[in-house]
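Chain and residue survey
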Amino acid sequence: MKRIPTLLAGLLLAAGLASTDSAASAERNAPIHFGAIGWESGALTTEILRLIVERGYGYPTDTLPGSTVSMEVALARNDLQVIAEEWAGRSPAWIKAEQAGQVFALGDTVKHAEEGWWVPAYVIQGDPSRNLKPLAPDLHSVDDLKRYPKVFRDPEIPDKGRFLNSPSGWTSETVNSQKLKAYGLDALYNNFRSGSGAALDAEISSSIRRGQPVLFYYWNPTPLMGRYKLIRLQEPPFNEKAWATLTDASNPNPQGSQSLPAKLSIGVSKAFKEGYPDLVAVFEKVDLPIDRLNSALAEMSEKRISPNQAALAFLRDNRDVWKAWLPAQVAAKVEGSL
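Rules of the game
- Residues numbered from 1 in each chain as written.
- Predicted model: local features only at pLDDT ≥ 70, side-chain atom pairs only at ≥ 80, totals over all residues.
- Heavy atoms only, no water.
- UniProt positions renumbered as here; feature names shortened; annotations may be inferred.
- Helix = DSSP H or I, 4+ residues; strand = E, 2+ residues; numbered from the N terminus.
- 1 Å grid on protein atoms, 1.4 Å probe; cavity = no way out; pocket = protein on both sides within 12 Å on 5 of 7 lines; lining within 4 Å.
- Points joined across faces, edges and corners; volume = space filled by probe spheres on them.
- Nonpolar A, V, L, I, M, F, W, Y, C, P; charged D, E, K, R; others polar.
- Salt bridge = Lys/Arg side-chain N within 4 Å of Asp/Glu carboxyl O.
- Buried < 20%, exposed > 50% of the residue type's maximum accessible area, 1.4 Å probe, protein only.
- Contact = heavy atoms within 4.5 Å.
- Expected span 1.5 Å × (residues − 1).
- Polar contact = N/O pair within 3.5 Å; in protein donor to acceptor, adjacent residues only side chain to side chain.
- Pairing = 2+ DSSP bridges.
- Core = buried A, V, L, I, M, F, W, Y, C linked by side-chain atoms within 4.5 Å.
- Axes fitted to C-alpha atoms, helices over the stretch in contact; angles between N-to-C directions.
- Parallel < 35°, antiparallel > 145°, perpendicular 65-115°, else oblique.

1. So, the UniProt feature "domain: ABC-type glycine betaine transport system substrate-binding" (unreviewed entry) in the chain
- The positions UniProt marks with the feature "domain: ABC-type glycine betaine transport system substrate-binding" (unreviewed entry) are residues 31-316.
- Counting secondary structure, residues 31-316 comes out at 40% helix and 18% strand; the distance between its end C-alpha atoms is 25 Å.

2. A short note on empty space enclosed by the protein
- Applying the stated criterion across every chain yields a total of one cavity of 30 Å³ or more.
- Lining of the largest cavity is provided by 22 residues; of these, Trp87, Arg90, Thr171, Ser172 and Tyr217 occupy positions nearest its centre.
- In terms of residue class, the lining of the largest cavity is built from 10 nonpolar, six polar and six charged.

3. Section: the pattern of salt bridges
- What the rule picks out here adds up to 17 salt bridges.
- Between Arg162 and Glu156 there is a salt bridge; the shortest N-O distance is 3.5 Å.
- A residue is classified by how much of its surface remains accessible, and Arg162, at 10% relative accessible area, is buried.
- Residue Glu156 is classed as exposed on the basis of its relative accessible area of 60%.
- With a closest N to O distance of 3.6 Å, Arg227 and Glu302 form a salt bridge. Taken together, the residues span a long stretch of sequence, with Arg227 in helix α8 (residues 223-227) and Glu302 in helix α12 (residues 290-302) at a distance of 75 residues.
- Three or more residues joined by partner-sharing salt bridges are found here, namely Asp154, Glu156, Arg162 and Glu203.

4. Focus on the environment of Pro237
- As for its placement among the helices and strands, Pro237 is situated in the loop between β9 (230-232) and α9 (240-246).
- Sequence-wise, Pro237 and Leu338 are 101 residues apart; in three dimensions their C-alpha atoms are separated by 45 Å.
- Contact partners of Pro237, with chain neighbours within four places excluded, come to Ser257 and Gln258.

5. Comments concerning α12
- For α12, which comprises 13 residues, the first-to-last C-alpha distance of 18 Å matches the rise-based estimate of 18 Å (1.5 Å per residue) to within 8%.
- All buried positions along α12 are accounted for by Ile290, Leu293, Asn294, Ala296, Leu297, Ala298 and Met300.
- Contact partners of the buried residues in α12: α2 (40-57), β8 (215-220), α8 and α13 (307-317).
- Arg304 sits one or two residues past α12 and shows a positive phi near 55°.

6. Some words on the side chain of Ser166
- Inspection of the secondary structure assignment puts Ser166 in the loop between β6 (161-165) and α6 (171-182).
- On the basis of relative accessible area, Ser166 is assigned to the buried category, the value being 0%.
- At 2.7 Å, the side chain of Ser166 forms a polar contact with the side chain of Ser172.

7. What about the pairing of strand β5 (residues 114-120)?
- Of all seven residues in β5, six are buried, a share of seventy percent or more.
- Judged from the three bridges that link them, β5 and β9 form a sheet pairing that is antiparallel. By the bridge assignment for β9, Val119 is matched with Ile231.

8. As for the nonpolar core
- In this structure, Leu145, Phe283, Trp325 and Leu326 are the most contacted members of the largest nonpolar core, which totals 89 residues.
- Counting residues per element, this core draws most heavily on α2, which supplies seven residues.
- Residue contacts for Leu326: discarding those within four places in its chain leaves Ile52, Tyr57, Val282, Ala331 and Val334.

9. Points about the packing of α2 against α12
- Look at α2 against α12: their axes get within 10 Å of each other, and the N-to-C directions meet at 100°. Put simply, α2 runs roughly perpendicular to α12. Of the residues in α12, those in contact with Glu40, Ser41 and Leu44 of α2 are Leu293, Ala296, Leu297, Met300 and Ser301.
- Across the contact of α2 with α12, the residue classes break down as five nonpolar, two polar and one charged.

10. Describing the side chain of Asp144
- Among the secondary structure elements, Asp144 is positioned in the loop between α5 (121-125) and β6.
- A distance of 2.9 Å separates a polar side-chain atom of Asp144 from the backbone nitrogen of His140.
- With residues near it in sequence (within four places) discarded, Asp144 still touches Asp138 and Leu139.

11. Points about the layout of surface pockets
- By volume, the largest pocket is sized at about 720 Å³.
- As for the largest pocket, its lining consists of 34 residues, and the residues nearest its centre are Glu40, Gly197, Ala198, Asp201 and Ser301.
- For the lining of the largest pocket, the element with the most residues is helix α7 (residues 197-209), which contributes six residues.
- Its residues assigned to classes, the lining of the largest pocket shows 17 nonpolar, 11 polar and six charged.

12. A word on the sheet that holds β5
- Spatial ordering of the open sheet is given by β7-β6-β8-β5-β9, a layout of five strands whose pairing is mixed. Each of the sheet's edge strands pairs with one partner strand only, and the pair in question is β7 (189-193) and β9. Across the sheet, the axes of successive neighbouring strands diverge by a mean angle of 35°, strand direction being ignored.
- Strand contacts of α6: β5, β6, β7 and β8, with the helix running at about 150° to β6, the strand carrying the most contacts.

Shown next, in the form of structure tokens:
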């Protein structure tokens, strides 16, 4: 009679293990949710990683849209599993989730990335080939902007200059709005927010083609950096305490500072980090040379091809880059699929 409970326990244990295995298998067959990043470098990097994950490892993926902050919150809840271009440490949402062990920044994916405030070089230096005279020859720093609001006149508010900020919902939009206050420019410049990254690009490019002065926030890597000669305005050196006042939209007394030194990483959820060690090992090795990335971004923009098609072209043209991230047998699968 003692054997019956023993056999029953064994059967129950086996059933439990089978159930656990089935649940794990079902979870592995569910799509890995990537954030649908709105800016070009993030969109391209997302598609490069998705192609490697799908074709090299056979995992299904999809993308889910959202603003920068909402995607970071979703990552902390594991509603998203991957944000392919995470400027880690820039938003309170990310910092809180990282400190709680809910999200992780993997790798250093693009060296020499940066962000700041820019103007076309011809605004300061002129451009004889286009018969453009320098309109702000002594413009070197954000403090110098106090003398030039009329140069960057806002057509909708003519008594103010126009500063082109990030779209609303981006972490950088909050930082730039606080910087305008910190630098004493909020009364002199209209804080103009574009509706999207594409709208921001269109306004900058249109102004440059017409030889008009334009003051804007931007970042690198981007196609814009490879296409035009731009000058970044000097800001006070990075200060951690000042940075905290810039990322807090409710702080009434923000202090000026360069933005947090850029480190681009791949943001992943805790569940992803624990569940996909093979992909984590790859993501930690991702290294996209900024010159090749800018070249790919410029082609994507100029030819108006989708991020997915641009990613396929990048994989075909830069095999030496991505093969270094992958085990040989996985690299062979990806290469065979191209």
